[in-house]
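Architecture at a glance
Listed below are the residues making up each chain.
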Amino acid sequence: MRVLIVFESSYGNTHHIADAIADGMRAEHDVTVVPVTEAAGELVAAADLVVVGGPTHIHGMSRPASRASAVTAAERAGDGLQLDPDAGAIGVREWLQGVSGSNGRTAAFDTRLDASALLTGRAAKGIAHELRDAGFRLITEPKSFLVTKSNELVSGQLAAAQQWGESLTHALATEQASSS
Ligand SMILES: Cc1cc2nc3c(=O)[nH]c(=O)nc-3n(C[C@H](O)[C@H](O)[C@H](O)COP(=O)(O)O)c2cc1C
């Protein structure tokens, strides 16, 4: 099957998670990973599964102002933050306004701080909600991957992302078996 993984990332963590999810799926599927700025409608239409992820900003999906804050923080000397080369003008929130699901399969993920989700919020919940509204069918619950306060992936999160990718393969197989 063709899997499209669409990510937004300010500092690279969500990008790394997207790549690790892809690693977990490549044995079974034809997987493409693209930043949200390059996720054209034709790619979405051609995919059997569209996986969408972004960072949690101010308890939900990023907005232009929160992405601008992320850029300002990266430009401040001494914080050690580097912008992801694919950090762009639009985020998942804006991209989702223009996509159409046509009952296609989908899954959502985010990155967020390593604390209770009640405190941090979860972009993945909003992403899942918008994907459903756009006409996609979720094949699994939204998933979070965790970063530290200094914006580094918590140990073990890349392995967890790879495992989640493998679990998406199982979910696809189960779904196919039940619909045939
Ligand atoms: C402006 C801004 C607001 C943020 N707000 C939250 C938040 O409300 N909850 C949270 O868990 N993390 C928050 N974070 C931390 C981000 O979730 C974290 O930087 C992101 O997951 C890292 O992913 P990235 O490297 O792909 O950008 C915020 C970060 C920025 C820059």
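First, a word on scope: everything that follows refers to the structure included in this document. If you're wondering where the values come from, they're calculated on a predicted model, not measured in any experiment.

Here we take up the overall build of the chain. Broken down by element type, the chain carries seven helices and six strands. Reading the secondary structure of the chain in the N-to-C direction produces β-α-β-α-β-α-α-β-α-α-β-β-α. Taking 16 Å as the expected radius of gyration for a compact globule of 180 residues, we find that the chain reaches 15 Å, a close match to that expectation. In terms of overall dimensions, the chain has a C-alpha envelope of 55 × 35 × 30 Å along the principal axes. Relative to its full complement of 180 residues, the chain shows a buried share of 47%. Within the chain, contacts between residues separated by at least 24 positions form 79% of all contacts whose residues are at least 6 apart in sequence. Per element, the accessible surface of the chain, about 8,900 Å² overall, is 50% carbon and sulfur. Positive and negative side-chain charges of the chain, numbering 14 and 21 respectively, have mean locations separated by a distance of 7 Å.

This paragraph deals with the side chain of Asp-84. For Asp-84, the location among the structural elements is in the loop between α3 (64-75) and α4 (92-97). Despite its burial, Asp-84 remains without a salt bridge, the nearest opposite charge being carried by Arg-67 at 12 Å. Here His-15 takes part through its side chain, which lies 3.0 Å from a polar atom of the side chain of Asp-84. With near-sequence residues (within four places) excluded, Asp-84 lies in contact with Phe-7, Ser-9, Ser-10, Tyr-11, Gly-12 and His-15.

Under the counting rule described, the total for this entry stands at three aromatic pairs. Ring centres 6.3 Å apart and planes at 70° place the aromatic pair Phe-109 and Phe-145 in the edge-to-face group. Of this pair, Phe-109 sits in strand β4 (residues 105-113) while Phe-145 sits in strand β6 (residues 143-147), and the two are 36 residues apart along the sequence. Like Phe-109, the residue Phe-145 is buried in the burial classification. Each residue in the set Phe-109, Phe-145 and Trp-164 is aromatic and connected to the rest through ring pairs, giving one cluster.

In this structure, the largest pocket encloses a volume near 460 Å³. If you go around the largest pocket, you meet 24 residues; those closest to its centre are Tyr-11, Pro-55, Thr-56, His-57 and Asn-151. When contributions to the lining of the largest pocket are tallied by element, the ones reaching two or more residues are α1 (13-25), α3 and β4. The element that contributes the greatest number of residues to the lining of the largest pocket is α3, accounting for four residues.

Moving on, we get to the site of the ligand. In the region of the ligand, 19 residues are neighbours, and Ser-9, Thr-14, Thr-56, Thr-111 and Asn-151 sit closest. At 2.9 Å from an oxygen atom of the ligand is found a main-chain nitrogen or oxygen belonging to Ser-10. At 2.6 Å, a side-chain N or O of Asn-151 approaches an oxygen atom of the ligand. Notes on the ligand: free accessible area 620 Å², of which the protein chains cover 87%. Judged by its atoms lying within 2 Å of the grid points, the ligand is housed in the largest pocket. Mapped by element, the contributors of at least two residues to the shell around the ligand are α1, α3 and β4. Each residue belonging to the shell around the ligand can be placed in one class, and the counts come to five nonpolar, 13 polar and one charged.

With that out of the way, let us pick up the environment of Ala-107. Inspection of the secondary structure puts Ala-107 in strand β4. Between the alpha carbons of Ala-107 and Leu-146 there is a distance of 17 Å; along the sequence they are 39 residues apart. Setting aside chain neighbours within four positions, we find Ala-107 in contact with Leu-49, Val-50, Val-51, Val-52, Leu-131, Leu-138, Thr-140, Trp-164 and Leu-168.

Reading guide: rules and limits
- Residues numbered from 1 in each chain as written.
- Predicted model: local features only at pLDDT ≥ 70, side-chain atom pairs only at ≥ 80, totals over all residues.
- Heavy atoms only, no water.
- Helix = DSSP H or I, 4+ residues; strand = E, 2+ residues; numbered from the N terminus.
- Rg over C-alpha atoms; globule rule 2.2 N^0.38 Å.
- Buried < 20%, exposed > 50% of the residue type's maximum accessible area, 1.4 Å probe, protein only.
- Contact = heavy atoms within 4.5 Å.
- Areas by Shrake-Rupley, 256 points an atom, 1.4 Å probe, with all protein chains shown as cover.
- Lys, Arg positive; Asp, Glu negative; His and termini not counted.
- Charge placed at Lys NZ, Arg CZ, Asp CG, Glu CD.
- Salt bridge = Lys/Arg side-chain N within 4 Å of Asp/Glu carboxyl O.
- Polar contact = N/O pair within 3.5 Å; in protein donor to acceptor, adjacent residues only side chain to side chain.
- Phe/Tyr/Trp six-rings, centres within 6.5 Å; stacked < 30°, edge-to-face > 60°.
- 1 Å grid on protein atoms, 1.4 Å probe; cavity = no way out; pocket = protein on both sides within 12 Å on 5 of 7 lines; lining within 4 Å.
- Points joined across faces, edges and corners; volume = space filled by probe spheres on them.
- Near = heavy atom within 4 Å.
- Sits in = over half its atoms within 2 Å of the grid points.
- Nonpolar A, V, L, I, M, F, W, Y, C, P; charged D, E, K, R; others polar.

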